[in-house]
Amino acid sequence: MSDHASKVMPMRDAIARFVHDGDTVVIEGFTHLICFAAGHEIIRQRRRDLTLARLTPDLIYDQMIGAGCARKLVFSWAGNPGVGSLHAFRRAVEAPGTAPLEIEEYSHFGMVARFSAGAARLPFWPLRDYMGTDLPRVNPRIKTVTCPYTGEDLATVPALNPDVTIVHAQRADADGNTQIWGLLGVQREAAFASARVIVVVEELVDEQAIRSDPNRTVIPGMIVDAVVVEPWGAHPSYAQGYYDRDNDFYVAWEDISRSPDRLTRYLDEFVYGVPDRAAYLKKQPHVTRLKAKERVCAGVNYGY
Amino acid sequence: MMAAVAARELRNGEVVFVGIGLPNLACNLARATHAPRLVLIYESGAVGAVPERLPVSIGDPALVTGSLMVCGMADVFQCMLQNGRIEVGFLGGAQVDRYGNINTTVIGPYARPKVRLPGSGGATEIAIHARRTLIVAKLGPRAFPERVDFVTSPGLRPQGRLRRELRMPGAGPVKVITDKAILEADEATGEIVLAALYPGVSVPDVQAGVGWALTCRSGLAAVAPPTPQELRLLRDVLDPKRLFLKQ
């Protein structure tokens, strides 16, 4: 493991060093803590032929598909949560030929199980699922195994071991010991499953702050390759205790993504047209309205 | 009306796997009326959620604040759902068929879809594991075809086989709550059949919104309209901005 100080780097350097053309890339986060800052930097650096995997592709993968970064999408629910469709994704799937996109589809439990297998370095994970459904028919990677103890047939899904997983979090220390609160999604499993891990945080804190509350650490520094400090890096997604979801933007994406021209104009203005996250934020000062209210918890006694 | 009817299906103290939109309204209405001890679980990991605002998505931060527990999604699916802890699951979809199978994946062929829908999310496993499920969907010939184009969430008789032959732990869809009537599971045939009518609705009205010859239970029940208290809670307290209550 490299020495601690060298892990902290700007987003540009982290993406340049750890995300390569053709990689399987996971930017996880279930509605909460979706790292748009990393997705935008991958678009800016014009990565190509990526396999993008995530339970809910969300707006960030719709933008990356629209920008031409993706060769394949691995997912379990591809919609705009609470709003409607992801139109760049739909165009690629409904009208192949214009922008071919291979898809590999599971349910949420299937994707969670894939990351669990990947994190445990097992080849597959068994689950009681998929009987009577059409998913195994269209995805031959969903198979069955007979339990050697009970004789029951169980569904199996293959391990998912990404080349790189990017996790947004509230805080980490310089070594990448990372603390998350609020919805945890499948970030822990996705990080442990991955060959490389980039952690992007709202705040860099001293190791002592982490040590004062170790139960809140979701990802240990030993599996982290890069720590990027990027306040508001999850916008228009949210960070519990920092800022709320920008639901207006999620609603606006319905119209933006519906038109390839508008999507291109959006990327030109807010992704290609800015050098980094700070410049992106400077263009939309109104996001400060989303700043979180205080609901601080009392903490616990770790003494003995 | 649909939200009020769905709320009445929930019993105090039950553990409910909540979806966004109408099921979320129904669960919070039940909590505000006859079922204050209802335990709301969202697939995002919030357990015992008490949202102070109507969540716009199932990952809303308001589900976290004040909840009993927040866990990762592996725990939700393995330790809660597959463990058998979920008593009621809500499901909806673009298509619901004669056997209560639901399609939220594609309209048309999978490889060349006419309309690509979002896919399963957690619906497949909720349909399999929840002890019973409630389907919420508006009637219409396109929404209720005889056979769905794709079985995302298995109903009472997916692919011609009954649930127990397929060793599914849950009972499947016991009721389908629509905008005109309540349909129920018929255990013997594995079909969903007409069980109760909303005020002012006739059997032909319901049949017009279903793509097969609907069987009627003998002695159809009448669904009581929403009470003034239910309407006041829905309109003034739970969804004052009319995010989900369109009519």
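Anything mentioned here points back to the structure above.
Quick summary incoming for the structure in this document. Since the model is a prediction, treat every value here as computed from it, not as a measurement.

## Regarding the interface of chain B and chain A
Interfaces are often sized by the accessible area lost when the parts come together.
For step 1, the next point in the chain: Taken together, the contact pairs 49 residues of chain B with 46 residues of chain A.
For step 2, the next point in the chain: Together chain B and chain A conceal approximately 3,900 Å² of surface at their shared face, both sides included; 59% is due to carbon and sulfur atoms.
For step 3, the next point in the chain: At the junction of chain B and chain A, the tally comes to 3 salt bridges.
For step 4, the next point in the chain: Here chain B and chain A share 21 residue pairs in polar contact (both at pLDDT 80 or more) between them.
For step 5, the next point in the chain: Breaking the side of chain B that touches chain A down by element, the ones donating at least two residues are α3 (73-81), β9 (115-116) and α4 (123-129) of chain B.
For step 6, the next point in the chain: For the side of chain B that touches chain A, a count of residues per class yields 22 nonpolar, 17 polar and 10 charged.

## Concerning the packing of aromatic side chains
All names here are of chain A.
For step 1, the next point in the chain: In the structure shown here, the tally under the stated rule is 11 aromatic pairs over all chains.
For step 2, the next point in the chain: Relative to Tyr 266, the ring of Phe 249 has its centre 5.4 Å away and its plane inclined at 40°; by these criteria the two rings are tilted. With a gap of 17 residues between them, Phe 249 in helix α9 (residues 247-258) and Tyr 266 in helix α10 (residues 260-272) connect regions that are remote in the sequence. Accessibility assignment for this pair places Phe 249 and Tyr 266 in one class, buried.

## As for empty space enclosed by the protein
For step 1, the next point in the chain: Throughout the structure, instances matching the rule amount to 1 cavity of 30 Å³ or more.
For step 2, the next point in the chain: Of the volumes computed, that of the largest cavity is approximately 30 Å³.
For step 3, the next point in the chain: Across the lining of the largest cavity, the residue classes tally to 6 nonpolar, 4 polar and 1 charged.

## Digging into the pattern of salt bridges
Residue and element names in this part refer to chain A.
For step 1, the next point in the chain: Overall, the coordinates contain 33 salt bridges over all chains when judged by the stated rule.
For step 2, the next point in the chain: Across the salt bridge formed by Lys 7 and Asp 175, the nearest N and O atoms sit 2.9 Å from each other. Separated by 168 residues along the polypeptide, Lys 7 in the segment before α1 (11-18) and Asp 175 in the loop between β8 (164-172) and β9 (178-179) bring together distant segments of the chain. As far as burial versus exposure is concerned, Lys 7 and Asp 175 are alike and both buried.
For step 3, the next point in the chain: The structure contains a network of salt bridges with shared partners spanning Arg 71, Lys 72, Glu 102, Glu 104, Arg 114 and Arg 141.

## Regarding the sheet that holds strand β6 (residues 143-146) of chain A
Residues and elements named next belong to chain A.
For step 1, the next point in the chain: What the 3 strands build is an open sheet, ordered β5-β7-β6; its pairing is antiparallel. Looking at which strands have only one partner, the edges of the open sheet turn out to be β5 (124-127) and β6. Across this sheet, the average inter-strand angle for adjacent strands is 40°, counted without regard to direction.
For step 2, the next point in the chain: Relative to strand β7 (residues 153-158), β6 is paired through 4 bridges, and the arrangement is antiparallel. Bridge pairing in β7 links Val 145 to Leu 154.
For step 3, the next point in the chain: Packing against the sheet, helix α5 (residues 108-120) makes contact with β5 and β7, and its axis sits at approximately 140° to β5.

About the thresholds
Counting from 1, residues in each chain are numbered in the order their sequence is written. Chain A is the first chain written and ligand 1 is the first ligand written, with later ones labelled in order. Only residues with pLDDT of at least 70 are given local features in this predicted model, and only at 80 or more are side-chain atom pairs given and counted; all residues enter the totals for whole chains, interfaces and linings. Only hydrogens and water are removed before side-chain values are computed, so all heavy atoms of the structure are retained for them. Two residues qualify as a contact provided that any one of their heavy atoms is within 4.5 Å of a heavy atom in the partner residue. Two parts placed together each lose some accessible area; with a 1.4 Å probe, that loss summed over both constitutes the buried area. Think of a salt bridge as a Lys or Arg side-chain nitrogen and an Asp or Glu carboxyl oxygen that are within 4 Å of each other. Counting of polar contacts relies on pairs of N or O atoms within 3.5 Å, with two restrictions inside protein: one atom must be capable of donating a hydrogen and the other of accepting it, and residues adjacent in sequence are counted only when both atoms are side-chain atoms. Helix and strand definitions here come from DSSP, where helices need a minimum of 4 consecutive H or I residues and strands a minimum of 2 consecutive E residues; each element is numbered from the N-terminal end. Under the convention adopted here, Pro, Cys and the residues Ala, Val, Leu, Ile, Met, Phe, Trp and Tyr are nonpolar, Asp, Glu, Lys and Arg are charged, and Gly plus all remaining residues are polar. Classification of ring pairs rests on two measures: the distance between centres of Phe, Tyr or Trp rings, Trp counted by its six-membered ring, which must be within 6.5 Å, and the angle between planes, read as stacked under 30 degrees, edge-to-face over 60 and tilted in between. Burial status follows relative accessibility: with a 1.4 Å probe on protein chains alone, a residue under 20% of its type maximum counts as buried, one over 50% as exposed, and anything between as partly exposed. The method works on a 1 Å grid over the protein atoms by themselves. A cavity is a set of points holding a 1.4 Å probe that cannot get out, a pocket is an open set with protein on both sides within 12 Å along at least five of seven lines, and residues with an atom within 4 Å of a point line them. Grid points are joined across faces, edges and corners, and a volume is the space filled by probe spheres set on the points. Two strands make a pair as long as DSSP finds a minimum of two bridges between them. Interaxial angle, 0 to 180 degrees, is taken between N-to-C directions of lines fitted to C-alpha atoms, where a helix line uses only the stretch in contact.

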